[in-house]
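Understanding the architecture of this molecule
Here is what each chain is made of, one letter per residue.
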Amino acid sequence: MTDHVRLSLSLSLSTYLGNIAAFLASLSYIPQVRKAWPRNSTDDLSLGMLTALTLGLGLWACTA
């Protein structure tokens, strides 16, 4: 296998894993919304966690 092919496979794998990571991270919003929606209250949500997750996903989207 040539170096070019190895690099191509490595980039494909890292892109694939990055997409899976972003998808799973995005899913973390679902339990938060399911908890807050019926109660009409966001008192139990962690603003720090939501901010960090949103910032992380936004930065990931900028690099994708």
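Provided above is the structure to which this section pertains.
Residues numbered from 1 in each chain as written. Predicted model: local features only at pLDDT ≥ 70, side-chain atom pairs only at ≥ 80, totals over all residues. Heavy atoms only, no water.

**Remarks on the overall build of the protein chain**
- In terms of helices and strands, the protein chain carries three helices and zero strands.
- When the helices and strands of the protein chain are listed from N to C terminus, the series reads α-α-α.
- A total of 64 residues make up the protein chain; the buried ones form 8% of that total.
- For the protein chain, the computed accessible surface area is about 5,300 Å², with 68% contributed by carbon and sulfur atoms. (Helix = DSSP H or I, 4+ residues; strand = E, 2+ residues; numbered from the N terminus. Buried < 20%, exposed > 50% of the residue type's maximum accessible area, 1.4 Å probe, protein only. Areas by Shrake-Rupley, 256 points an atom, 1.4 Å probe, with all protein chains shown as cover.)

**Considering empty space enclosed by the protein**
- The tally for this structure, following the rule as stated, stands at one cavity of 30 Å³ or more.
- The computed volume of the largest cavity comes to approximately 30 Å³.
- If you trace the largest cavity, you find it lined by Lys35, Ala36, Arg39, Ser41, Thr42, Asp44 and Leu45.
- The class makeup of the residues in the lining of the largest cavity is two nonpolar, two polar and three charged. (1 Å grid on protein atoms, 1.4 Å probe; cavity = no way out; pocket = protein on both sides within 12 Å on 5 of 7 lines; lining within 4 Å. Points joined across faces, edges and corners; volume = space filled by probe spheres on them. Nonpolar A, V, L, I, M, F, W, Y, C, P; charged D, E, K, R; others polar.)

**Overview of the environment of alanine 36**
- By the element assignment, alanine 36 lies in helix α2 (residues 29-39).
- Residue alanine 36 is classed as buried on the basis of its relative accessible area of 11%.
- Residues contacting alanine 36, with those up to four places away along its chain left out, are Ser41, Thr42 and Leu45. (Contact = heavy atoms within 4.5 Å.)

**Digging into unusual backbone geometry**
- The phi dihedral of asparagine 40 falls on the positive side, at around 50 degrees, and the residue is not glycine.
- Its location among the elements puts asparagine 40 in the loop between α2 and α3 (47-63).
- For asparagine 40, a relative accessible area of 72% puts it in the exposed group.

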